There are 2 protein chains.
Amino acid sequence: MPVYLDAAGADFKTQFTALLGAKREDSPDVDATVAAIIADVRARGDAAVLELTARFDRLDLTPETMRFSTAEIDALIGEVSAHEREALQIAADRIRAYHERQIPEDASWTDEAGATLGWRWTPVGAAGLYVPGGLASYPSSVLMNAIPAKVAGVERLAITVPTPDGQANPLVLLAARLAGVDEIYRIGGAQAIAALAYGTQSVAPVDKITGPGNAYVAAAKRRVFGRVGIDMIAGPSEILVIADRDNNPDWIALDMLSQAEHDESAQSILITDDPAMAKAVEAAIDRYLHTLERREIAGASWRDFGAIITVPDMDRAAELANCIAPEHLELCVADAEMLADKIKHAGAIFMGAWTPEAIGDYVGGPNHVLPTARSARFSSGLSVLDFLKRTTMARMTPAALRAIGPAAETLATSESLEAHGLSVTARLNHLNEH
Amino acid sequence: MPVYLDAAGADFKTQFTALLGAKREDSPDVDATVAAIIADVRARGDAAVLELTARFDRLDLTPETMRFSTAEIDALIGEVSAHEREALQIAADRIRAYHERQIPEDASWTDEAGATLGWRWTPVGAAGLYVPGGLASYPSSVLMNAIPAKVAGVERLAITVPTPDGQANPLVLLAARLAGVDEIYRIGGAQAIAALAYGTQSVAPVDKITGPGNAYVAAAKRRVFGRVGIDMIAGPSEILVIADRDNNPDWIALDMLSQAEHDESAQSILITDDPAMAKAVEAAIDRYLHTLERREIAGASWRDFGAIITVPDMDRAAELANCIAPEHLELCVADAEMLADKIKHAGAIFMGAWTPEAIGDYVGGPNHVLPTARSARFSSGLSVLDFLKRTTMARMTPAALRAIGPAAETLATSESLEAHGLSVTARLNHLNEH
């Protein structure tokens, strides 16, 4: 039974606060283990990575076989059906087209003081992408992480993907090929993150690491942050659907279940101004939960974290959505544009009933790596900008320094930073003397 | 004695690697203390903050006096000289003008499949800015943090600034006023970060926290990250000057000392193709170190972390600069533009001998909050983007879903995510039936 809330009810504020505050993830404390693994890889390099791979993935590698050869990749890709190959190509093309529009512009201008100012964007030199093995080894995630990096102009893009018992996912390799990935290593866990961050004899270090992973991978990313850049630490997936009376409850139910089936900690919330729609969606979800392949996972998510909220009107729905700051937001309402204008905090918005969230997971074009756990209040989904950095530029002329230098001298004196002031004064004195 | 390296020397690679790897910061491990403070503030709110302020800042406050009143701010600002007021206004105006150009554009387009795609930028709702008390209480940092937030459109901007023994810095309050800060609290340390992140009875929580601080503040920011967004954790300041023979060694010396005087852990490096210039700059630094007010700090920095590197040519200088990825880079060379084109990794570039780094600290316009400790390889200085987040948008039409939906169905099946596929199938079936 999901939570059923009435936004007009007396207890609503308390109940809604409890819903927002529900702790959905119980991360095991693996920090000490991870610290030891990272120290081991830093100290012993390849030898440590190979030992840990033998232990955790039951796979004996050598420095030479740690990396997939081109022939191995070709052979595995050959196993992919034409049907799947075509679907992955469509996804890659659409994701690339969307992300190419994100490339930001450099700027340079000269202001009235005569100072030339601006900035320049440059790509990260090398990036590493962690891809989970086993069940959560998603080719779509490879596309979503690797394509923005390549669009940004990252010269060297390495993937680490564990292959427990030697099992590799041909679709992951194909996605890497389509995205232009340069190196693929069959290693995983904290040892892969350590190898990417610090380098080993066989794995050159990278500057930025992105991609999802289990608790060990997440803890390792936190630990190497600063040495390299990292993306966000993703929590369990979430969807909020706002629906009016004119909807097919089956569609809404499936959209909500497509989050719930990811993870027992996923959260699906429906907000509607129509109590009949609330009931109809709930009934449809119950029905699908009898037949869905992943009904155990989806059922647990819906039971423990699902919620249906009825509201008096759509303005109230927008208010609540802004409190929730959902990762995914579907607006299944007559005027989705008008409602979207009232949304301040959401990772991605899916407009209208013809835009199921699953389209965004694969082929819509926008990135599916999005801020979870209310972090859309302050952060964005993965983009080309995550693989670029900005260098600011300034050039003074003698005239510009005359115009604005004295203010810098004054402030340096106020802050008791004498050399700061003198570096300006020395130049101004020269101008006055010549 | 700073390190003296010759890029053409036999041992250069080893020596340069040692220079890059030098550990300049010895952060005390205050994590347990900080965890306890945060837990206390979460549990007891104002009461905990007030007790900690009494203990650490020797200042007895009440919930009512925790925040500066408008009258108190007016009175303190009245103490600022007209001269300083004007300098701060020039700085604020120039910083605002630069950052207004950073506001990114929203986008929306319809592709050939009929899908309407795009994104929208929205500001963080509330931001908190930590300002250190005492010696490092810099009004320029208030401008550099607060103005980008206000340019981004942040509605509520709060400052926390400790006032040990009740001592407040009038220039900090004036900078806050000029930047449009909404609330100023006289609290500091980990308790201030906890109050901003979790809220108390008197301090409403914020969504993003930026600003420099000591080891306690840095540890607290790391701990609340995820609950709120944070900016980078800044390390000690750095400058790299690349200079050719046509320079005034006094100017270069002062530019290098203006980093060294910040902090004993700061680092100043000169790269030159002219051994005579290397000697002349070293001599000038030695001379200034006899008279500079902060000669103890600057002297320790120069002695322990300073370096002079001679190179055969400027291409080699650019290569080394890209390895160093300096926070500040001065190009005091005949053709600064040509050299700048070869720089891939730097926080800020100062072009030509008329652009001392100190100009960028105060009045240039670009932000002075920049990536340290080689993190310019993967990150950028503070900007308007740090106070904005992007929501991606997608709208399918029936025709668009017909065009790209089947690829999504295929990939959902490949990834064993049945509900994902069914959410598309249900809609496509409806289209086929009607």
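Criteria and thresholds
Residues numbered from 1 in each chain as written. Chains lettered and ligands numbered in written order. Predicted model: local features only at pLDDT ≥ 70, side-chain atom pairs only at ≥ 80, totals over all residues. Heavy atoms only, no water. Contact = heavy atoms within 4.5 Å. Salt bridge = Lys/Arg side-chain N within 4 Å of Asp/Glu carboxyl O. Polar contact = N/O pair within 3.5 Å; in protein donor to acceptor, adjacent residues only side chain to side chain. Nonpolar A, V, L, I, M, F, W, Y, C, P; charged D, E, K, R; others polar. Pairing = 2+ DSSP bridges. Helix = DSSP H or I, 4+ residues; strand = E, 2+ residues; numbered from the N terminus. Domains from an automatic or database assignment. Buried area = accessible area lost by both parts, 1.4 Å probe. Axes fitted to C-alpha atoms, helices over the stretch in contact; angles between N-to-C directions. Parallel < 35°, antiparallel > 145°, perpendicular 65-115°, else oblique. Left-handed = near helix turned anticlockwise from the far one by under 90°. Least-squares fit on C-alpha atoms with pLDDT ≥ 70 in both. UniProt positions renumbered as here; feature names shortened; annotations may be inferred.

K.L.:
Describe the interface of chain B and chain A, with residues and values.
P.N.:
Contact residues are listed per partner, giving 115 residues for chain B and 115 residues for chain A. Summed over the shared surface of chain B and chain A, the number is eight salt bridges. Viewed at the interface, chain A and chain B are joined by 66 residue pairs in polar contact (both at pLDDT 80 or more). Within the side of chain B that touches chain A, the residues separate by chemical class into 60 nonpolar, 30 polar and 25 charged. For strand 14 (residues 388–395) of chain A and strand 13 (residues 348–351) of chain B, the ladder comprises four bridges, and the chain directions are parallel. Bridging across to strand 13 of chain B, A394(A) finds its partner in F350(B).

K.L.:
Describe the domain arrangement of chain A, listing the residues and the values that go with them.
P.N.:
Residues and elements named next belong to chain A. Here the domain parsing of chain A yields domain 1 (3–24 + 239–364), domain 2 (31–111 + 124–230) and domain 3 (396–433). Both sides together, the interface formed by domain 1 and domain 2 hides about 540 Å², and carbon and sulfur atoms give 51% of it. Together, Y362, V363 and G364 form the three largest contributors to the area buried by domain 1 at its contact with domain 2, with a combined 62%. Counting every contact that joins domain 1 to domain 2 gives zero salt bridges. Scanning the region where domain 1 abuts domain 2 turns up two residue pairs in polar contact (both at pLDDT 80 or more). Broken down by class, the residue content of the side of domain 1 that touches domain 2 amounts to two nonpolar, three polar and two charged.

K.L.:
Explain the sheet that holds strand 7 (residues 208–210) of chain B to me, using residue names and the numbers behind them.
P.N.:
All names here are of chain B. Within the open sheet, the five strands sit side by side as 6-5-4-7-8. Their pairing is parallel. Two strands close off the open sheet at either side, each with one partner strand: strand 6 (183–185) and strand 8 (229–230). Of the pairings in the sheet, the one linking strand 5 (residues 156–160) to strand 6 comprises three bridges and is parallel in character. By the bridge assignment, T160 is partnered in strand 6 with Y185. Packing against the sheet, helix 9 (residues 215–224) makes contact with strand 4 (126–130), strand 7 and strand 8, and its axis sits at approximately 160° to strand 7.

K.L.:
Which residues make up the packing of helix 10 (residues 249–260) of chain A against helix 11 (residues 275–288) of chain A, and what are the values?
P.N.:
Residues and elements named next belong to chain A. Two elements in contact, helix 10 and helix 11, have axes separated by 8 Å at closest approach and are oriented at 60°. When the interaxial angle is binned, helix 10 and helix 11 end up oblique. The element helix 10 and its partner helix 11 pack so that their crossing is right-handed. Residues P249, D250, I252, A253, L254, M256 and L257 of helix 10 touch helix 11, and the partners they reach there are M277, A280, V281, A284, I285, R287 and Y288.

K.L.:
Explain the relation of the copies chain B and chain A residue by residue, including any values.
P.N.:
Once chain B is rotated about the relating axis by 180° and shifted along it by 0.0 Å, it coincides with chain A to within an RMSD of 0.0 Å. Taken together, the rotation and translation relating the two chain copies correspond to the operation of a two-fold axis. Across chain B, the smallest distance between a C-alpha and the rotation axis is recorded for P104(B), namely 4.3 Å. Comparing interface residues between copies, 100% of those in chain B also sit at the interface in chain A, which points to an isologous, same-surface contact.

K.L.:
Outline the UniProt feature "binding site: Zn(2+)" (unreviewed entry) in chain A, listing residues and values.
P.N.:
Residues and elements named next belong to chain A. UniProt marks Q259, H262, D361 and H420 with the feature "binding site: Zn(2+)" (unreviewed entry), using the numbering shown here. Across 162 residues in sequence, these annotated residues place their C-alpha atoms as far as 55.5 Å from one another, rather than forming a single compact spot. Position of Q259 among the secondary structure elements: in helix 10. Once residues within four sequence positions are removed from consideration, Q259 is found in contact with S237, E238, I239, A266, S268, H328, E357 and D361.

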